[in-house]
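Chain residues, written in single-letter form:
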Amino acid sequence: MPSQENTITATRTSFRVLEALKRLDGAGVTAVATELDTAKSTVHNHLRTLEDEGYVTCEGGTYRVSLRFLELGEYTRNRMDIYEKARPEVDSLAEETGEMANAAVEEHGEGVYITRAEGTQAVSVDTYAGKRVKLHCTALGKTILAQLPEQRVDAILETHGLPKRTENTITDADELKDELGEIRDRGYAYDREERLPGLRCVAAPVVADDGNLIAALSVSGPTTRIKGDRFHEEIPELLRSSANVIEINLAYS
């Protein structure tokens, strides 16, 4: 019988293989083994097991993450009250602004998009439901961090760091904390091309009656349109209004 330590190691390896397949957008055994610096025989065994269980597919020697994860993700998301309450408001924000609207929650120190909607003028970016992003370089993420206890913020920064995404990314912890204080006072956060060049974003928190953070809402678009009063007044007011609707629906439904 395998030891508990061996079982844990094998499970971790399986997840590393899955993450490698995602990064590589599908790959063969050799490519995954090279990516992970792991023996091909080990990778092959894990891939075959994952295929047998339905978590990867294989065609022509190329393995890919299967749609089984979509089933699991949808199951998890549909059990979240915030998803059901946020979805219509995100749709309304997208329709009213014409831009991309999103809702995200914090999980394991990262932001996870739970729903998004595209307005008639929305630009195509790399976000989708389930995508995980670092918290320090997005308006959604900074909104989330601003609502968390300082000890929790420190733990997140220690774990995930402050990697630079663009020339505007905040990579100094003290500077970030100063901005988090401004966000708390203001009630919403800005992303000034901090994750993607040419993209600006505004985000506001959804907070429970007890003061705990539930989620964050955002509207994002190109710098050519998200500017002036629209950036500093119109969109923040729309976000705070939508957040308030969600808070009331969560509290009394």
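Residues numbered from 1 in each chain as written. Predicted model: local features only at pLDDT ≥ 70, side-chain atom pairs only at ≥ 80, totals over all residues. Heavy atoms only, no water.

1. Some thoughts on the layout of surface pockets
Roughly 1400 Å³ of internal volume is contained in the largest pocket. Contributing to the lining of the largest pocket are 32 residues, with Lys22, Phe69, Gly130, Lys131 and Arg132 lying nearest its centre. Counting only elements with at least two residues in the lining of the largest pocket, the list comes to helix 1 (4-24), strand 2 (62-65), helix 4 (68-78), strand 3 (100-107) and strand 4 (110-118). Residue contributions to the lining of the largest pocket peak at seven residues, all from helix 4. For the lining of the largest pocket, the residue count by class is 15 nonpolar, six polar and eleven charged. (1 Å grid on protein atoms, 1.4 Å probe; cavity = no way out; pocket = protein on both sides within 12 Å on 5 of 7 lines; lining within 4 Å. Points joined across faces, edges and corners; volume = space filled by probe spheres on them. Helix = DSSP H or I, 4+ residues; strand = E, 2+ residues; numbered from the N terminus. Nonpolar A, V, L, I, M, F, W, Y, C, P; charged D, E, K, R; others polar.)

2. Side note on the sheet that holds strand 8 (residues 213-222)
Reading across the sheet, the six strands line up as 5-4-3-8-7-6 and stay open at both edges, with antiparallel pairing between neighbours. The open sheet has two edge strands, strand 5 (132-133) and strand 6 (189-192), and neither has a second partner. In the sheet, strand 7 (residues 199-207) pairs with strand 8 via nine bridges, with the strands oriented antiparallel. From the neighbouring strand, Cys201 faces strand 8, where its bridge partner is Ser220. (Pairing = 2+ DSSP bridges.)

3. Digging into unusual backbone geometry
Most peptide bonds adopt trans geometry, and most residues besides glycine take a negative phi value. A positive phi angle, near 55°, is found at Asp25, a position not held by glycine. Its location among the elements puts Asp25 in the loop between helix 1 and helix 2 (29-36). Despite not being glycine, Glu193 has its phi angle at roughly 60°, a positive value. With respect to the element layout, Glu193 can be found in the loop between strand 6 and strand 7. The partly exposed category is assigned to Glu193, whose relative accessible area is 24%. (Buried < 20%, exposed > 50% of the residue type's maximum accessible area, 1.4 Å probe, protein only.)

4. Regarding the pattern of salt bridges
The tally for this structure, following the rule as stated, stands at 20 salt bridges. In this structure, Glu179 and Lys142 form a salt bridge, with 2.7 Å as the shortest nitrogen-oxygen distance. With Glu179 in helix 8 (residues 173-186) and Lys142 in helix 6 (residues 139-147), this pair connects stretches of sequence that are 37 residues apart. Note on accessibility: Glu179 and Lys142 belong to one class, buried. Of the charged contacts in the structure, one is a salt bridge between Glu150 and Lys177, with a shortest N-O distance of 3.8 Å. With a gap of 27 residues between them, Glu150 in helix 7 (residues 150-160) and Lys177 in helix 8 connect regions that are remote in the sequence. A relative accessible area of 26% means that Lys177 is categorised as partly exposed. Residues participating in the shared-partner salt-bridge network are Glu107, Glu110, Arg132 and Lys134. (Salt bridge = Lys/Arg side-chain N within 4 Å of Asp/Glu carboxyl O.)

5. Some thoughts on the packing of aromatic side chains
Summed over the entire model, instances satisfying the criterion amount to three aromatic pairs. With centroids separated by 5.3 Å and ring planes inclined at 55°, the aromatic side chains of Tyr55 and Phe69 adopt a geometry described as tilted. One end of the pair, Tyr55, is in the loop between helix 3 (40-52) and strand 1 (56-59); the other, Phe69, is in helix 4, and 14 residues separate them in sequence. Ring geometry for Tyr190 against Phe231: centres 4.6 Å apart, planes inclined by 50°, an arrangement best described as tilted. Taken together, the residues Tyr190 in strand 6 and Phe231 in helix 9 (residues 228-252) connect sequence positions 41 residues apart. Phe231 carries the same exposure label as Tyr190, and that label is buried. (Phe/Tyr/Trp six-rings, centres within 6.5 Å; stacked < 30°, edge-to-face > 60°.)

6. Considerations on the UniProt feature "domain: IclR-ED" (unreviewed entry) in the protein chain
The feature "domain: IclR-ED" (unreviewed entry), as given by UniProt, occupies residues 68-252 in the numbering adopted here. Between the first and last C-alpha atoms of residues 68-252 the distance is 35 Å; the span itself is 47% helix and 23% strand. (UniProt positions renumbered as here; feature names shortened; annotations may be inferred.)

7. A few points about the packing of helix 2 against helix 3
Interaxial distance between helix 2 and helix 3 falls to 9 Å at its minimum, and their mutual angle equals 115°. Here the hand of the crossing between helix 2 and helix 3 comes out right-handed. Each of Val29, Thr30, Val32 and Ala33 in helix 2 lies in contact with helix 3, whose residues at this interface are Lys40, Val43, His44 and Leu47. (Axes fitted to C-alpha atoms, helices over the stretch in contact; angles between N-to-C directions. Left-handed = near helix turned anticlockwise from the far one by under 90°. Contact = heavy atoms within 4.5 Å.)

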